[in-house]
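Report on the structure
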Amino acid sequence: MARISVLGISGGVSTPSRTTAVVSALVKAVASRIPSDAGLIEITEAAPSIFAGLSRGALGASGEAIIQRVEKADLLVVGTPVYRASYTGALKHLFDLVDYRALTGKTVLLAATGGSPYHGLVLEHQLRPLFGFFGAVTVPTGVYGAPDDFIDAENGNRAPRCRAGHLPEGAHQ
């Protein structure tokens, strides 16, 4: 089997990030099952490069490199915290810069984190339509993590950890 490129994108805007914990766990789970080259883009780190321009032509070399990584990946794992019933504006800006044809037919695994289990519908009402616009193929089952799905690190720079096998409850189904 040929190696594929798997790219996680965490739309979280804080550090440490529960969203990054989920996206990282999902990327590792995919990479453990299929031969792949895995990577991760965290919006908190990419923001200076992607916010350097409001259009793709205004990006510098580092911003362009980030967008090209997104466009060239074979499989995307995209996660966001829920803000006001939607994905973050920072994540939206990243995808505003992606060529609308670049993700056609590519597989996308959706993930989100939120303050309560009630925000889980962001996967269906916000993220799935976003990738439908791009013509991407979203995996039918998404992963949603509520606060009780995490063991939050309170000391140092350790990232929050997911409970039960490193993914939120029910994510293995």
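Not measured: the values here are computed from a predicted model. (Residues numbered from 1 in each chain as written. Predicted model: local features only at pLDDT ≥ 70, side-chain atom pairs only at ≥ 80, totals over all residues. Heavy atoms only, no water.)

Thoughts on the overall build of the protein
To be explicit about the condition: Under the DSSP-based scheme used, a helix requires at least four consecutive residues in state H or I and a strand at least two consecutive residues in state E, with every element numbered from the N terminus. For the accessible areas, the method is Shrake-Rupley and the probe is 1.4 Å, while residue cover comes only from the protein chains on display.
Summing up its helical and strand segments, the protein has five helices and eight strands in all. Walking the protein from its N terminus toward its C terminus, one meets helices and strands in the order β-α-β-α-α-β-α-β-α-β-β-β-β. Carbon and sulfur atoms provide 54% of the accessible area of the protein, an area that totals close to 8,800 Å².

Concerning the packing of aromatic side chains
To keep things clear, this is the line we draw: For this analysis, a ring pair means two rings from Phe, Tyr or Trp (six-membered ring only for Trp) whose centres lie within 6.5 Å, classed as stacked if their planes differ by under 30 degrees, edge-to-face if by over 60, and tilted for the remaining angles. Relative accessible area decides the class of each residue, using a 1.4 Å probe on protein chains only: under 20% of the type maximum gives buried, over 50% gives exposed, and in between gives partly exposed.
Summed over the entire model, instances satisfying the criterion amount to four aromatic pairs. A centroid spacing of 6.3 Å and a plane angle of 35° characterise the contact between Phe131 and Phe134, whose relative ring orientation is tilted. For the pair Phe131 and Phe134, one class covers both residues: buried. Aromatic ring contacts, followed pair by pair, group Phe95, Phe131, Phe133 and Phe134 into a single cluster.

Remarks on unusual backbone geometry
Look at the link from Thr15 to Pro16: it is a cis peptide, with omega at 0°. Relative to the assigned elements, Pro16 resides in the loop between strand E1 (4-10) and helix H1 (18-33). Positive phi, close to 65°, is recorded for Ala85, a residue that is not glycine. Looking at where Ala85 falls in the secondary structure, it is placed in the loop between strand E3 (75-81) and helix H4 (89-97). Judged by its relative accessible area of 53%, Ala85 is exposed.

Re helix H3 (residues 61-72)
Because an α-helix completes one turn every 3.6 residues, residues spaced three or four positions apart along the sequence face the same direction. Rules: A helix's residues, less one, multiplied by 1.5 Å, set its expected span. Taking the helix axis as origin, the arc is that swept by the directions to the C-beta atoms. Residue contacts are defined here by distance: any two heavy atoms, one from each residue, within 4.5 Å place the two residues in contact.
Its twelve residues give H3 an end-to-end C-alpha distance of 16 Å, which sits within 8% of 16 Å, the value for a rise of 1.5 Å per residue. Of the residues making up H3, those classed as buried are Gly63, Ile66, Ile67, Val70 and Glu71. Looking down the long axis of H3, one finds its buried residues gathered within 135° of arc, a one-sided arrangement. Of the exposed residues in H3, those oriented more than 90 degrees away from the buried face are Ala61 and Lys72. At its buried positions, H3 is contacted by E1, strand E2 (36-42), helix H2 (43-50), E3 and H4.

So, the pattern of salt bridges
Put simply, the test is: One side-chain nitrogen of Lys or Arg within 4 Å of one carboxyl oxygen of Asp or Glu is enough to make a salt bridge.
A full pass over the atoms with the stated rule returns six salt bridges. Among the salt bridges present, the one from Glu71 reaches Arg56, with a minimum N-O distance of 2.4 Å. Of this pair, Glu71 sits in helix H3 while Arg56 sits in the loop between H2 and H3, placing them 15 residues apart in sequence. Relative accessible area serves as the criterion here: at 15%, Glu71 is assigned to the buried category. Residue Arg128 is joined to Glu124 by a salt bridge in which the shortest nitrogen-to-oxygen separation is 2.9 Å. Taken together, the residues Arg128 and Glu124, both in helix H5 (residues 122-133) and four residues apart, mark about one turn of the helix. Under the relative-accessibility criterion, Glu124 is labelled partly exposed at 37%. What emerges from the salt-bridge pattern is a single network uniting Arg56, Glu64 and Glu71.

Concerning the packing of H2 against H3
The condition is simple: Every axis corresponds to a line fitted to the C-alpha atoms, with the helix fit spanning only the stretch in contact, and the corresponding angles, defined between N-to-C directions, vary from 0 to 180 degrees. Roughly parallel covers angles under 35 degrees, roughly antiparallel covers those over 145, roughly perpendicular covers 65 to 115, and oblique covers all other angles. Residues are grouped as follows: Ala, Val, Leu, Ile, Met, Phe, Trp, Tyr, Cys and Pro are nonpolar; Asp, Glu, Lys and Arg are charged; every other residue, Gly included, is polar.
Packing of H2 against H3 brings their axes to within 8 Å, and their N-to-C directions diverge by 125°. With respect to H3, the element H2 is oriented oblique. Residue-level contacts link Ala46, Ser49 and Ile50 of H2 to Ser62, Gly63, Ile66 and Ile67 of H3. Taken together, the residues of the contact of H2 with H3 break down into four nonpolar, three polar and no charged.

Looking at the nonpolar core
Threshold: Here the nonpolar core consists of buried residues drawn from Ala, Val, Leu, Ile, Met, Phe, Trp, Tyr and Cys, with membership extended through side-chain atoms lying within 4.5 Å.
Val70, Leu76, Leu94, Phe95, Val98 and Phe131 are the most contacted members of the largest nonpolar core, which totals 35 residues. For this core, the elements supplying multiple residues, two or more each, are E1, H2, H3, E3, H4, strand E4 (107-113) and H5. Among all residues touching Phe131, those that are not within four sequence positions of it are Val78, Phe95, Leu103, Val108, Leu110, Ala136 and Thr138. Among the nonpolar cores identified, the runner-up in size contains twelve residues, and Val23, Leu75, Val77 and Val143 belong to it.

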